[in-house]
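Descriptive analysis of the structure
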Amino acid sequence: MMPAHETYDVIVVGAGAGGMTAAAVAAAEGLRVLVIEKTAFVGGTTAWCDGMVWIPANPKMKDVGLSDSITDAVRYLSSTVPEPANAGLRAAFLARGPEAVAYLEANTEVRLQPVKACPDCYPERLGATSGGRVLEPVAFDGARLGAPFARLRAPLPEFTLFGGMMVNRLDIPHLRRAGKSLRSTRRAARLVSEYALQRLRNRRGTTLHLGNALAARLYASLLARQVEILFCADVEDLSMQGDRVGGVIIRHGSRDRPIAARRGVVVATGGFSHDAVLRKRFFPAAAGFVSAASTAGTGDGLRLATTAGAALNTEATSPAYWVPASLFRRADGSRGVFPHTVTDRAKPGVIAINAAGRRFVNEALSHHEFVLAMLRDGNGEPDRPFYLVCDRQFLWSYGLGRIKPFTLNLRRYVASGELLKAPDIAQLAAKIGVNPSVLTATIASYNVDAKQGRDPEFGRGSTIYQRHLGDATHKPNPCVAPILRAPFFAMRIHPADLGTAIGMKVDAQARVLREDGTPVAGLYACGNDMGSIMNGNYPGPGIMLGPALTFGYIAGRHLAEGGAARETAAIDSTTTASEYWIARLRGR
C-alpha cells in the first residue's frame, strides 16, 4: 500500500505516543498528515508500558482536590535534575505540559485521570508531591476502533490474564482477595465474565488499560481525523529543499519514492534501544544488551536526522531509563523480557542479592535507581549475576516476574531454569552459585529486623513512594517481611532499559538543532528520538511519556502555526539529506 498523495502538510515518522500526539494535534489544526510506521502496528513501547504520564500542575489535579504549582515543580526538579543542561526545555515542559493535557482532552480522544496516591520518586525533596502529577489513561473500549483494532499493538502477554484480559491497578487487589471477600469476588467475577463475552468477537479483551489504552486513544484520534497511516514502510532518507527538510524518501518495491511535506517532518521512531552499535557507543558495558522497549527502536530517527545536520544531545547523567528484567522463553520460542517495575521488588518478603550473595540495594527504590545500584555494584563487569530471592509464601501471594500470584504448578518455570527452587537456603545458594554461608547469613540478618517490619541496612519502606509500591495491607511495613517458609526461590534479573535518554538536540518548539544551535528547518523530534529533558534522571513515574506527549503537542501546534515556513529551494525537492550535505561541503 502506498500513500494516497504525493504531498502532505506534515509527515510523522513513527506511531508511538509522541508521534501519534504530534499527528493528532496537527490534524486537529486542519493539516493533512501522513504517519509512516515501520511495523504492522501502532503503539510502540507505549502499548506495553504502564501508561503513566508525569505532568506537574496539570489541570486534572483539581478534580481530586490536589494542588500543585510550577514553582514547586521547579524546586523539585532543581534537586532531582541538578544539571544545567536542557534547563530551557524543562521550563518549556513545565509551562506547556498542562496546556497539552487540556488541548488533547478538548480536541482528541485522549482522556487522562490523576493518580491521587502516586508520589514522586523522591518525596522527601523540596517541591515533591504525594500524588496527582502522574496521570493515567482512562480505560478504553478497543471495540470502538472496529477493524483497525487489529493494528493496535497488543500488550505483553505476561501482563494479561487468561490469554488477553487486561486489568488496571485497582483490579489487582480485588483479584488477590477473590474468594476471601464478597466484594472482591463479585468484582473478579464481573471482570472475567465481561472478558469472556469480548473474546467471542475478538482475539483478545477489548477493555484496555495502561499504555495500551493511551495508544488506543491516540490511534482513535487519528482515525477520527482521517489521518493516513502507512504501515510496514521504511523511510530511506529525508529529502531537502536547500537547507530545509522538505519530505521523506520511502522504499516501494525496488524503487525509492519521494513524499513531500509542506510544513515539516516529525521523527519519533522510539530511540535506539535495539541498535547494538549505538548501545555499545553510549551504554556502560555492565548494562549488557537487554531491553524492555519495543524492538522497533533501532535508531532510525537518529540516523535520518543526523544526515540532515542534526546534533545529538549526549549530556545525560544516564544514557537510558533503567529497569531490572528477567528473561524467559515463551511457548512459541521467542525471548521474553519481563520488566520488574511494581509487581514484586517492593513487596514484603523478597530481597535482591549480588554475585557475592549479599544485598546491595533498597529493593523498593524506583526501578531506575535499582538498576543504577546494579551497575555500580558490578564495577563495570558485564553479565554480572543478580537475583531476587523469596520463599513460597511470597511467591504465592505476589508472584515473581511473569509468574503470577496463586500459581499452583511451577514445574515449567523450574524446568526451564527461569525459576530456581530449593528446600533450604544453602541448596538455593549452590544453585545460584554463591557461598552458602554468605547467603544464609544475608537472609538471617535480614530476617532479624524484618520480623518487626524494619530494614536498618537500607531503610526499605521509609518513604511514601516506597510504601506506595509495597502491600498496603501488610503491617507494620508494607515493604518488609521475613523470608522463612521453604521451599525457597530465586530468579535472575538483568539491567535493562525502558527507553533511551540520548537523542537529538531540540529547541522549545521541538525543532531539531544543529551543533551551532540553529534549527534544521522543517525537522522536529519528540519521544525517545528527542534527547531527554531530564538528562537521564528519573524524578517521577511517567517522565518519558509526559515529555513525549508535551513535545508532540508542541511540534503539532508549531507546524500548524506555520513555524516551518518554506524556503527557496537551493537544490531540487528530491535531493536526499545525504546528498544535500555532500553538496554543501563541496560549496554548491
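None of the values given here were measured: they were computed from a predicted structure. (Residues numbered from 1 in each chain as written. Predicted model: local features only at pLDDT ≥ 70, side-chain atom pairs only at ≥ 80, totals over all residues. Heavy atoms only, no water.)

It is worth spelling out the overall build of the protein chain at this point. Scanning the protein chain from terminus to terminus reveals 16 helices and 22 strands. Against the globule reference of 25 Å for 588 residues, the protein chain gives a C-alpha radius of gyration of 24 Å, in line with a compact fold. With the principal axes as the frame, the protein chain shows a C-alpha extent of 75 × 50 × 50 Å. Counting only residues that meet the buried cut, the protein chain has 58% of its 588 residues in that class. With 69 positive and 51 negative side-chain charges, the protein chain shows a spacing of 6 Å between the two charge centroids. (Helix = DSSP H or I, 4+ residues; strand = E, 2+ residues; numbered from the N terminus. Rg over C-alpha atoms; globule rule 2.2 N^0.38 Å. Buried < 20%, exposed > 50% of the residue type's maximum accessible area, 1.4 Å probe, protein only. Lys, Arg positive; Asp, Glu negative; His and termini not counted. Charge placed at Lys NZ, Arg CZ, Asp CG, Glu CD.)

Averaged over the protein chain, the pLDDT score is 93; the fraction of residues at 70 or greater is 95%. Contacts from residues 564–575, a stretch scored under 50 in pLDDT, to residues over four places away or in other chains number 35 contacts. Every residue in residues 577–588 is under pLDDT 50, and counting partners more than four places away or in other chains gives 21 contacts. (pLDDT = per-residue confidence, 0-100. Contact = heavy atoms within 4.5 Å.)

Below, the discussion takes up the environment of Ile403. Residue position: Ile403 is located in the loop between helix H10 (392–398) and helix H11 (411–415). Note on Ile403: relative accessible area 2%, which makes it buried. Among all residues touching Ile403, those that are not within four sequence positions of it are Leu395, Leu410, Tyr413, Leu419 and Met491.

Evaluation of the coordinates by the stated rule reveals 12 aromatic pairs. Here the aromatic rings of Phe360 and Phe370 are separated by 5.9 Å at their centres, their planes lie at 70°, and the arrangement is edge-to-face. Here Phe360, found in the loop between strand S15 (350–353) and helix H9 (367–377), pairs with Phe370, found in helix H9; they are 10 residues apart in sequence, far enough to count as distant. Through a chain of ring-to-ring contacts, the aromatic side chains of Phe272, Phe282, Phe283 and Trp322 assemble into a single cluster. When the ring centre of Tyr122 is taken as origin, the NZ or CZ atom of Arg125, which lies over that ring, is 5.0 Å away. (Phe/Tyr/Trp six-rings, centres within 6.5 Å; stacked < 30°, edge-to-face > 60°. Lys NZ or Arg CZ within 6 Å of the ring centre and 35° of its normal.)

In this structure, Pro476 follows Lys475 across a cis peptide bond, with omega equal to 0°. Positionally, Pro476 belongs in the loop between helix H14 (464–469) and strand S18 (488–500). With omega at 0°, the peptide bond leading from Ala486 into Pro487 counts as cis. Relative to the elements of secondary structure, Pro487 occurs in the loop between H14 and S18. Phi angles above zero are rare outside glycine, and Phe406 is one such case at about 65°. Within the fold, Phe406 resides in the loop between H10 and H11. For Phe406, a relative accessible area of 30% puts it in the partly exposed group.

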